[in-house]
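A look at the structure
Spelled out, the chains give:
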Amino acid sequence: MKGLKVLMSKNKVHVLEKLSQIFIKVSFKTAILTSCIILGLLSLISLMYRGYFHMFAWEEMSFYNNNWKFYSLLFIFSLTMLYVAKIIGRFSSFRLFLFFTSIYLIIGTYLSINADLLLRADPHYLFLAAIEMNNGDFSSFDKITSANYMSTFPNQMGLLTLFRMYAYFTTNTHWLFFLQTVMVSGINYLLWQITNLIFDNKVINNLVILLSHLFLPSIFLTLWVYGDIPGLLCSLITIYFFLKFEKNQSIFSGLVLVFFLTLACILRSNYLILAITLVISLLISWIRNPKFVKLIVIACIPFSFIVINKAIESYYESKINAEITYPPQLAWIVMGLNDKINNPGYWDQYTTEIRVWNNYDDNKVEKVVTNDLKERIRVLTSDKDYAKNFFFKKLMVTWNDPTFQSIFAGPLAARGQNIKTDFLKNLYGEGNIYHFYNKYMSILVTYIYLSSFILVVYLLFKKINDADFNLLIFLIYLIGGFIFHLFWETKARYVYPYVYLLLPIVSFNISWFSNKLFSNRSKI
């Protein structure tokens, strides 16, 4: 009888193990299949059309059919990367990184010195509020006019706090531009280290170092002082310690992971998609290898964000002696489904003005937003052709600007900003240099989409290993970002992190094909 119970217990364990393996396999294949569809779609539109972001005072894109020159250059670039993969392993990874980082620091310093001191749009208003608050003036929270930035966007309190730290040390934006250049170097370094943790392969490491520095929007976005770059830096520190945690289950790695993930989300709420990605990854990891410490880290992620967010909110409430209220989150979905401007789903002042139009009566605002959302859903569901065209164009203006607004986000003459030197005036004035940059990035981004698509198709049919599971982080993050920006307010700049984080996948793909190509030739 006792032996029978032991046998039944073993059978139960075996059944649970079998079910967990099935769940893991189904989850993995579902994520791969979904990312395969997304990357296939992105590859197709970038192969067919080249997006072009104009340097107007407003946000507007045009699209051009790709011609034989584009396909020829894409083919040459692909062959070049295969040959580069053959020889790049001869170089020291550290020296290669140092070489490209030196170039980036020179470019970043050149941009910092020659850019206009004047910020614009959100960075301008937020930095102005930070300076005022450091001087004891918290009127930006007063619900009087949309010109009071924090009354309109109270969700920016985390970034406001960082800006107040900036302003404490300097109000000279040239130093902030250079600081962001240093951050970008840190981002590229972390991507290299993350790639090394996943693959432990010198060729793939060196390819990531090369590609991350060929990905030029990183250096040009240093002139957009906002939460994008600091948030991405914190995100990459998070991913690095996530991979370390996966290897050693160290509580230290887990706590560092949680801390920097919280910082990323507070600085830029879009990084909550990464938080969801890591929670999903940790749950799958726990099913594969049940460790109690993983559940602790999973629980700490939302707890840490809620506590620190509440602490920052309480601090500012104590300063203004009033409760801070927020516009309804649905307002961003309404704006994301609007087509009142040239680029559908882009910012159209709806979230800025909706509270002003309703005298900051939050109950009334919520009712108006809900009704507006219902109306947009009605319009989209009642006309399938209109809906199809709307979402296709939104997809194009989100994912098919190869520059990711990196030049538009810089000094713009149409917005009253200036920049020194003829070279930069040509670049930021939509001259020949900008046209060249746009075409260059169009080839690179198409290559990234296509190469990533080829790899996920390969992963769809191969046996799963640990490296494949680690790649899921980038793919689930891409899936989350794609779905999110399909409905939420969008910009081409917002999707820069998702594309940048595909570079380890691209590097692995280049290395694999290069090995196959040159090893086969050596046998002939």
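Residues numbered from 1 in each chain as written. Predicted model: local features only at pLDDT ≥ 70, side-chain atom pairs only at ≥ 80, totals over all residues. Heavy atoms only, no water.

A word on the state of the cysteines
What the rule picks out here adds up to zero disulfides. Free cysteine C300: the closest other cysteine sulfur is in C265, separated by 14 Å. (Disulfide = S-S within 2.5 Å.)

Regarding the environment of F163
Relative to the assigned elements, F163 resides in helix α6 (residues 157-169). Taking the C-alpha atoms as reference points, F163 and I76, 87 residues apart in sequence, are found 44 Å from one another. F163 has contacts with P123, L126, F127, A130, V225 and Y226, leaving out every residue within four places of it along the chain. (Helix = DSSP H or I, 4+ residues; strand = E, 2+ residues; numbered from the N terminus. Contact = heavy atoms within 4.5 Å.)

A short note on the packing of helix α7 (residues 173-199) against helix α8 (residues 202-214)
Following both chains from N to C, one finds α7 and α8 inclined at 155°, their axes separated by 9 Å at the closest point. Between α7 and α8, the angle falls in the class roughly antiparallel. Handedness of the α7/α8 crossing: right-handed. Between α7 and α8, the residues in contact are N188, L191, W192, T195, N196 and F199 and I204, N205, V208, I209, S212 and H213, respectively. Partitioning the contact of α7 with α8 into residue classes produces six nonpolar, six polar and no charged. (Axes fitted to C-alpha atoms, helices over the stretch in contact; angles between N-to-C directions. Parallel < 35°, antiparallel > 145°, perpendicular 65-115°, else oblique. Left-handed = near helix turned anticlockwise from the far one by under 90°. Nonpolar A, V, L, I, M, F, W, Y, C, P; charged D, E, K, R; others polar.)

A few points about helix α15 (residues 350-357)
One turn of an α-helix holds 3.6 residues; hence residues three or four places apart share an orientation. Judged by how many residues are buried, α15 sits mostly within the fold: six of eight residues are covered. Those residues of α15 that fall on the buried side of the exposure criterion are Y350, T351, T352, E353, I354 and R355. Following α15 by one or two positions, N359 adopts a phi angle in the positive range, close to 55°. (Buried < 20%, exposed > 50% of the residue type's maximum accessible area, 1.4 Å probe, protein only.)

Focus on the side chain of H213
Looking at the element boundaries, H213 is found in helix α8. For H213, a relative accessible area of 5% puts it in the buried group. For H213, the side chain forms a polar contact with the side chain of N188, separated by 3.5 Å. Those residues within four positions of H213 in sequence are excluded, and the remaining contacts are F97, F100, T101, Y104 and N188. (Polar contact = N/O pair within 3.5 Å; in protein donor to acceptor, adjacent residues only side chain to side chain.)

Thoughts on the nonpolar core
In this structure, L160, F215, L236, Y316, W399, Y428 and Y500 are the most contacted members of the largest nonpolar core, which totals 170 residues. Counting residues per element, this core draws most heavily on helix α19 (residues 432-461), which supplies 13 residues. Apart from the residues within four sequence positions on either side, F215 is in contact with Y104, F404, M441, L444, I448, Y496, V499, Y500 and L503. (Core = buried A, V, L, I, M, F, W, Y, C linked by side-chain atoms within 4.5 Å.)

Some remarks on the pairing of strand β1 (residues 49-53)
Within β1, four of the five residues are buried, leaving the element largely enclosed by the surrounding structure. With five bridges connecting them, β1 and strand β2 (residues 61-65) associate as antiparallel partners. Following the sheet pairing, F53 is matched in β2 by M61. (Pairing = 2+ DSSP bridges.)

Concerning the environment of F392
By secondary structure assignment, the location of F392 is in helix α17 (residues 384-399). Note: C-alpha distance between F392 and L486 (94 residues apart in sequence) is 9.6 Å. If we skip the residues at most four places from it in the chain, F392 touches I45 and Y49.

Structural notes on the environment of L33
Inspection of the secondary structure assignment puts L33 in helix α1 (residues 2-48). Separated by 421 residues in sequence, L33 and I454 have C-alpha atoms that sit 12 Å apart.

Some points on the packing of aromatic side chains
For the structure shown, the criterion picks out 38 aromatic pairs. Pairing Y52 with Y434 gives two aromatic rings, centres 5.4 Å apart and planes at 75°, and the pair type is edge-to-face. Of this pair, Y52 sits in strand β1 while Y434 sits in helix α19, and the two are 382 residues apart along the sequence. On the basis of relative accessible area, Y52 is assigned to the buried category, the value being 3%. With a centroid separation of 4.6 Å and an interplanar angle of 50°, the aromatic rings of Y477 and Y498 are classed as tilted. Of this pair, Y477 sits in helix α20 (residues 466-487) while Y498 sits in helix α21 (residues 496-500), and the two are 21 residues apart along the sequence. Accessibility classification places Y477 together with Y498 in one group, the buried group. Three or more aromatic residues joined by ring pairs make a cluster, and in this case those are F138, F141, Y315 and Y316. Over the aromatic face of F408 sits the side chain of R120, whose NZ or CZ is 5.1 Å from the ring centroid. When the ring centre of F390 is taken as reference, the NZ or CZ atom of R376 above it lies at 5.9 Å. (Phe/Tyr/Trp six-rings, centres within 6.5 Å; stacked < 30°, edge-to-face > 60°. Lys NZ or Arg CZ within 6 Å of the ring centre and 35° of its normal.)

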